[in-house]
Amino acid sequence: MEGPVLMLGLLLTLVVCGSWGMNEEERLIRHLFEEKRYNKELRPVAHKDESVNISLALTLSNLISLKEVEETLTTNVWIEHGWKDSRLKWDQKEFGNISVLRLPSDKLWLPEIVLENNNDGSFQISYSCNVLVDPEGYVYWLPPAIFCSSCPISVTYFPFDWQNCSLKFRSLKYTAKEITLSLKQKEDENGSYLVEWIIIDPAGFTENGEWEIVHRPARINVDPSVPLDSPDRQDVTFYLIIRRKPLFYVINILVPCVLISFMVNLVFYLPADSGEKTSVAISVLLAQSVFLLLISKRLPATSVATPLIGKFLLFGMVLVAMVVVICVIVLNVHFRTPSTHVLSEGVKKLFLETLPELLHMSRPAEEGPNPGSLVRRSSSLGYISKAEEYFSLKSRSDLMFEKQSERHGLARRLTTARRPPPGSEQTQQELFSELKPAVDGANFIVNHMRDQNNYNEEKDCWNRIARTVDRLCLFVVTPIMVVGTAWIFLQGVYNQPPPQPFPGDPFSYKEQDRRFI
């Protein structure tokens, strides 16, 4: 009988001891919050004049985006808080050697550190995770958050720009007399140092495809001109100096813009008779307007500065507008005629002799008289003599009705007209009267052909002047386009972030260059 009773007592003792071991944490919580009467509305200080030292650190896990139009930087971060709360101390031996106590954040006093320069009106963190407390009363809180902070955008060198964004944290509830903000302090074998940079864990960090982080310093900013009883006296600011990766914009915007702008030079190679010179120039102007519209939707509506790509498009549009004016002038010159304009000798010498030599333009060689044509012209004398003989043998009536009678089937007269004595005055008079209309007609034809040749020659001179103006404008516009494009975009290429995050401060604020206390 005693054996079963003894065994039952031992089992009951083990159960009671086990239940005590499982409830040590609960007993510790009851001890801290009920027996000590912990009040989360009170600061963890013994006297009201004391200040609570709050250490902060920021771990960046993802730079989500930077919206230029809204001037908003979206980041995924972990905010590390640390402070000492003497009311949360306990003796590990009395509570089962508990070294870490996890408590809900809404049960403890919090310093109410918020992001001041938020851009969406959300000051709080995304998730209220548990708070870790050690036996010495040190409180460690690491809540995650996705912040949308304001970031002033400088569009001067877009798309070869870099931006200086910041996340400014301060307590809006407590003044500088009540809490003291500081950066997290760590220790290694060489001593202790302040974490004066944004922490990035390579294993948990997601690289952004558009922005590259150049500098990521952290600073405590204290304004001595602000009184101690103001929350604005101190803040902890984490800076992100980021540089844009321009490859996307180079491929999708810059290269098409440059190619389209340089296509305007083809206008000067296009013949004026094609009727498409102004059409090509206006098409290039419209294409540049479309790209300018796309870029204006990508950037904030600011009047402070003009982006590089905007400067290039404006430069190209002004140049193309001038090309359109030049095309109209060239077409006007090309279609000039002697009946509308007079070609002066000075214009002819300048545009047909001087400028073509300077521009290395090939001119058509002036052809000399063709010997074959001279032979043919001399042989025409035989036809004239035969015509005189024919007219001397035929009477005018026969000459007039010979062809008509042949058409009606009448036989040709074989009898010749009565001829006056050769060499008589009547014969010469008749021959002169017969040949005079033909000579007058030939003279008229010759004069008309001469006038027509002069007309065509002067019109051809106007065409050659138009071609000279085209070549001259080609040699002027192309260097202006090349030099202007290079000058505009080289400004962006040489626009690099500063070697140090703060001007005048030689410290790099990098983990490898830590400063020991």
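Small disclaimer: the values here were computed from a predicted structure and weren't measured.

### With respect to the overall build of the protein chain
Here is step 1: Scanning the protein chain for helices and strands turns up nine helices and 15 strands.
Here is step 2: Going through the 517 residues of the protein chain one by one, you find that 35% of them count as buried.
Here is step 3: Contacts in the protein chain between residues at least 24 apart in sequence constitute 76% of all its contacts with a sequence separation of at least 6.
Here is step 4: Summing over all exposed atoms, the protein chain offers an accessible surface of approximately 31,400 Å²; the carbon and sulfur share of this is 59%.

### Quick look at the nonpolar core
The nonpolar side chains of a soluble globular protein tend to be buried with one another.
Here is step 1: In this structure, L108, V133, F169 and I309 are the most contacted members of the largest nonpolar core, which totals 94 residues.
Here is step 2: If you tally residues by element for this core, the top one is helix α5 (residues 308–334), at twelve residues.
Here is step 3: Sequence-distant contacts of F169, defined by excluding residues within four places in its chain, comprise L58, I79, I113, V114, L115, F147, L181, D235, V236 and F238.

### Considerations on empty space enclosed by the protein
Here is step 1: The tally for this structure, following the rule as stated, stands at one cavity of 30 Å³ or more.
Here is step 2: For the largest cavity, the calculated volume is near 30 Å³.
Here is step 3: Along its surface, the largest cavity is lined by R170, S171, Y174, T175, A176, I179, L181, S230, P231 and Q234.

### Comments concerning the state of the cysteines
Here is step 1: All chains considered together, the criterion is met by one disulfide.
Here is step 2: The partner cysteine of C151 in its disulfide is C165, sulfur to sulfur 1.8 Å. Its S-S torsion of about -65° marks the bond between C151 and C165 as left-handed, since a negative value means left-handed. Taken together, the positions of C151 in the loop between β7 (144–150) and β8 (162–171) and C165 in strand β8 put the pair 14 residues apart, joining distant regions of the chain. No difference in accessibility class separates C151 from C165, as the two residues are buried.
Here is step 3: Here C327 stays unpaired: no disulfide links it, and the sulfur of C473, its closest cysteine neighbor, is 8.4 Å away.
Here is step 4: For C327, a relative accessible area of 1% puts it in the buried group.

### Side note on the packing of aromatic side chains
Here is step 1: Across all of its chains, the model carries 13 aromatic pairs by this definition.
Here is step 2: Arranged with centres 5.7 Å apart and planes meeting at 65°, the rings of F147 and F169 form a pair that is edge-to-face. Residue F147 is located in strand β7, and its partner F169 is located in strand β8; the two are separated by 22 residues in the primary sequence. With respect to burial, F147 and F169 carry one shared label: buried.

### Regarding the confidence of the model for the protein chain
Low-confidence regions, as indicated by low pLDDT, have predicted coordinates that should not be scrutinised in detail.
Here is step 1: Mean pLDDT over the protein chain works out to 82, with 83% of the residues at or above the 70 mark.
Here is step 2: Considering only residues more than four positions removed or in separate chains, one finds that residues 368–384, a stretch of pLDDT under 50, has zero contacts.
Here is step 3: Contacts of residues 411–415 to residues separated by more than four positions or lying in other chains number four contacts, the stretch itself having pLDDT below 50.

### Notes on helix α6 (residues 345–358)
Here is step 1: Taking 1.5 Å as the rise per residue, α6 with 14 residues should run 20 Å; its terminal C-alpha atoms sit 19 Å apart, in good agreement.
Here is step 2: Buried within α6 we find F351, L352, L355 and P356.
Here is step 3: Next to the buried residues of α6 lie α9 (425–493).
Here is step 4: The positive-phi residue at the C-terminal boundary of α6 is H360, with phi of around 60°.

### Some remarks on the packing of helix α3 (residues 247–262) against α9
Two packed helices can be described by the angle between their axes and the distance between those axes.
Here is step 1: Packing of α3 against α9 leaves a shortest axis separation of 11 Å and a crossing angle of 160°. Taken as axis vectors, α3 and α9 run roughly antiparallel relative to one another. The interaxial crossing formed by α3 with α9 has right-handed handedness. Facing L254, V258, S261 and F262 of α3, the residues of α9 in contact are M481, V482, T485 and F489.
Here is step 2: For the contact of α3 with α9, the per-class residue count stands at six nonpolar, two polar and no charged.

### Examining the packing of helix α4 (residues 277–298) against α5
Here is step 1: Look at α4 against α5: their axes get within 9 Å of each other, and the N-to-C directions meet at 165°. What the angle tells us is that α4 and α5 run roughly antiparallel. Viewed along their axes, α4 and α5 form a crossing whose handedness is left-handed.
Here is step 2: Grouping the amino acids of the contact of α4 with α5 by side-chain chemistry returns 18 nonpolar, five polar and one charged.

### Let's talk about the pairing of β7
Here is step 1: Among the seven residues that make up β7, five are buried, leaving the element largely enclosed by the rest of the structure.
Here is step 2: Pairing analysis gives seven bridges linking strand β2 (residues 72–84) to β7, with the strands arranged antiparallel. Bridging from a neighbouring strand, T72 pairs with S150 of β7.

Conventions and cut-offs
Residues numbered from 1 in each chain as written. Predicted model: local features only at pLDDT ≥ 70, side-chain atom pairs only at ≥ 80, totals over all residues. Heavy atoms only, no water. Helix = DSSP H or I, 4+ residues; strand = E, 2+ residues; numbered from the N terminus. Buried < 20%, exposed > 50% of the residue type's maximum accessible area, 1.4 Å probe, protein only. Contact = heavy atoms within 4.5 Å. Areas by Shrake-Rupley, 256 points an atom, 1.4 Å probe, with all protein chains shown as cover. Core = buried A, V, L, I, M, F, W, Y, C linked by side-chain atoms within 4.5 Å. 1 Å grid on protein atoms, 1.4 Å probe; cavity = no way out; pocket = protein on both sides within 12 Å on 5 of 7 lines; lining within 4 Å. Points joined across faces, edges and corners; volume = space filled by probe spheres on them. Disulfide = S-S within 2.5 Å. Phe/Tyr/Trp six-rings, centres within 6.5 Å; stacked < 30°, edge-to-face > 60°. pLDDT = per-residue confidence, 0-100. Expected span 1.5 Å × (residues − 1). Axes fitted to C-alpha atoms, helices over the stretch in contact; angles between N-to-C directions. Parallel < 35°, antiparallel > 145°, perpendicular 65-115°, else oblique. Left-handed = near helix turned anticlockwise from the far one by under 90°. Nonpolar A, V, L, I, M, F, W, Y, C, P; charged D, E, K, R; others polar. Pairing = 2+ DSSP bridges.

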